[in-house]
Amino acid sequence: MTSTTAIGYQTDLPSSAPNSLFAREIPVAETGPHDLLVEVEAVSVNPVDVKLRKQPSGDFRVLGFDAAGVVQGVGEAVTLFRPGDEVYYAGSIDRPGTNQRLHLVDERIVGHKPRSVSFAEAASLPLTSIAAWEALFTCLRLPLEATGTLLVVGATGGVGSILVQIARALLPGVTVIATASDEERADWVRGLGAQHTVDHRGDLAEQVLALVPGGVDWLFTAHSDGQIETYAEVVRPFGQIVAIDDGPRDVSPLKAKSIGWLWELMFTRPLNQTADMVEQHHLLDQVADLVDDGRLRPTATHTLSPITADTLSEAHQIVGGGRTLGKVVLQGWT
Ligand SMILES: NC(=O)c1ccc[n+]([C@@H]2O[C@H](COP(=O)([O-])OP(=O)(O)OC[C@H]3O[C@@H](n4cnc5c(N)ncnc54)[C@H](OP(=O)(O)O)[C@@H]3O)[C@@H](O)[C@H]2O)c1
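Report on the accompanying structure. Here the structure is a predicted model, which is why all the values come from computation and not from measurement.

Procedures and definitions
Residues numbered from 1 in each chain as written. Predicted model: local features only at pLDDT ≥ 70, side-chain atom pairs only at ≥ 80, totals over all residues. Heavy atoms only, no water. Helix = DSSP H or I, 4+ residues; strand = E, 2+ residues; numbered from the N terminus. Expected span 1.5 Å × (residues − 1). Buried < 20%, exposed > 50% of the residue type's maximum accessible area, 1.4 Å probe, protein only. Near = heavy atom within 4 Å. Polar contact = N/O pair within 3.5 Å; in protein donor to acceptor, adjacent residues only side chain to side chain. Areas by Shrake-Rupley, 256 points an atom, 1.4 Å probe, with all protein chains shown as cover. Nonpolar A, V, L, I, M, F, W, Y, C, P; charged D, E, K, R; others polar. Domains from an automatic or database assignment. Phe/Tyr/Trp six-rings, centres within 6.5 Å; stacked < 30°, edge-to-face > 60°. Lys NZ or Arg CZ within 6 Å of the ring centre and 35° of its normal. Salt bridge = Lys/Arg side-chain N within 4 Å of Asp/Glu carboxyl O.

Moving on: helix H4 (residues 158-170). The first and last C-alpha atoms of H4 sit 19 Å apart over 13 residues, in line with the 18 Å expected at 1.5 Å per residue. Across the 13 residues that make up H4, a large majority, 12, are buried. Among the residues making up H4, those that are buried are Gly158, Val159, Gly160, Ser161, Ile162, Leu163, Val164, Gln165, Ile166, Ala167, Ala169 and Leu170.

See below:
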């Protein structure tokens, strides 16, 4: 049986503790009919990795969702990829993660890696692109000819940094207002295409309503805790909000303006094995084309190397700090 080096955790130690994450040799499971066996070249760390690491797992659990790598083998029903293809993907929360050299993933949630960028740059993209794309096009159902104003709360984070770019690349009639708490961060989001910035540490409602007195049409949020009253002020009647963070939320203040509240979870399709799961393959391929056409750029701001328990712990500490600009990626193995 083939084995692989994997980095995982067993107990909910803080990421600064020695051995909070550790390497182990584990067997590679059998390749399922729709599976690709991928040699992982680069990964990124997302807040979900940090949240899961804080839950005791009992068994050795391998985290990591984003990956970029090369297909080594394919299951008998695979039609979308061949060995040797370069791929990028975000995997699924109900399977072992990508913090291992050899990783199995269902082809229907995998895209061809953008050709023009490195594995590390590619690894910054899949999970956040799926979340952003589904928030805009599956949840808010924005048509490409949409006109109006979108407020992006959390624009400097992983999802916000790609969502601002996707909105500007594909929705030319939509004006993007992005949150940023200082000038460096405001420069970052303007560089991604945001037309206006507001400081979420100041009075958000006052700043947004000064720009759009009638309220915004759509609001994307990655940080909604304690904000529902403010959102009720800044969204227009019958406007819509899509949230990607964790509930519960009391959304009753939205009722007087008939404002809609939507959740997006990028694992929904693989977790529920939905009939349209292959849409994640198609959207990742479209994102790759947009990157290769120079219309989107990767969002990696920190690159750590090689991928070890120590560098992964460092990445968990950065992401767990909650102030990440863009994404933290890791590349290469010892
Ligand atoms: N549902 C899904 O599919 C999905 C997918 C990905 C992520 N998520 C979740 O979404 C959340 C964000 O993840 P992420 O990877 O995009 O971002 P992240 O990297 O965790 O976000 C950090 C950034 O958010 C900004 N920020 C922090 N608090 C904020 C607030 N109250 N208002 C506006 N901005 C704020 C920070 O800027 P300052 O330091 O300047 O405040 C920092 O730049 C996490 O809870 C994550 O688990 C969900």
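Still more to cover.
Looking now at the site of the ligand. The environment of the ligand is formed by 24 residues, the closest being Lys51, Ser181, Glu264, Met266 and Arg323. Gly158 is positioned with one of its backbone polar atoms (N or O) 3.3 Å from an oxygen atom of the ligand. One nitrogen or oxygen atom from the main chain of Val159 is found 2.9 Å from an oxygen atom belonging to the ligand. Alone, the ligand offers 920 Å² of accessible surface; in the complex the protein occludes 87% of this. For the shell around the ligand, the elements supplying multiple residues, two or more each, are helix H1 (47-53), helix H3 (126-139) and H4. A per-class count over the shell around the ligand returns 9 nonpolar, 10 polar and 5 charged. Taken domain by domain, the makeup of the shell around the ligand includes at least three residues from each of domain 1 (3-125 + 272-331) and domain 2 (128-263).

Aromatic rings in a pair are described by how distant their centres are and how their planes are angled relative to each other. Scanning the model with the defined rule gives 4 aromatic pairs in all. With a centroid separation of 5.2 Å and an interplanar angle of 50°, the aromatic rings of Phe22 and Phe60 are classed as tilted. Taken together, the residues Phe22 in strand E2 (residues 22-27) and Phe60 in the loop between H1 and strand E4 (61-62) connect sequence positions 38 residues apart. Look at Phe60 and you get buried, because its relative accessible area is 16%. Residue placement shows Lys113 over the ring face of Phe119; its charged tip is 5.0 Å from the ring centre.

The full count for this structure, using the stated rule, is 14 salt bridges. Taking the shortest distance from any N to any O, the salt bridge between Lys113 and Glu86 comes out at 3.5 Å. Linking Lys113 in the loop between strand E8 (110-112) and helix H2 (119-123) with Glu86 in strand E6 (residues 86-89), this pair joins segments that are 27 residues apart in sequence. On the accessibility criterion, Lys113 (8% relative accessible area) is buried.

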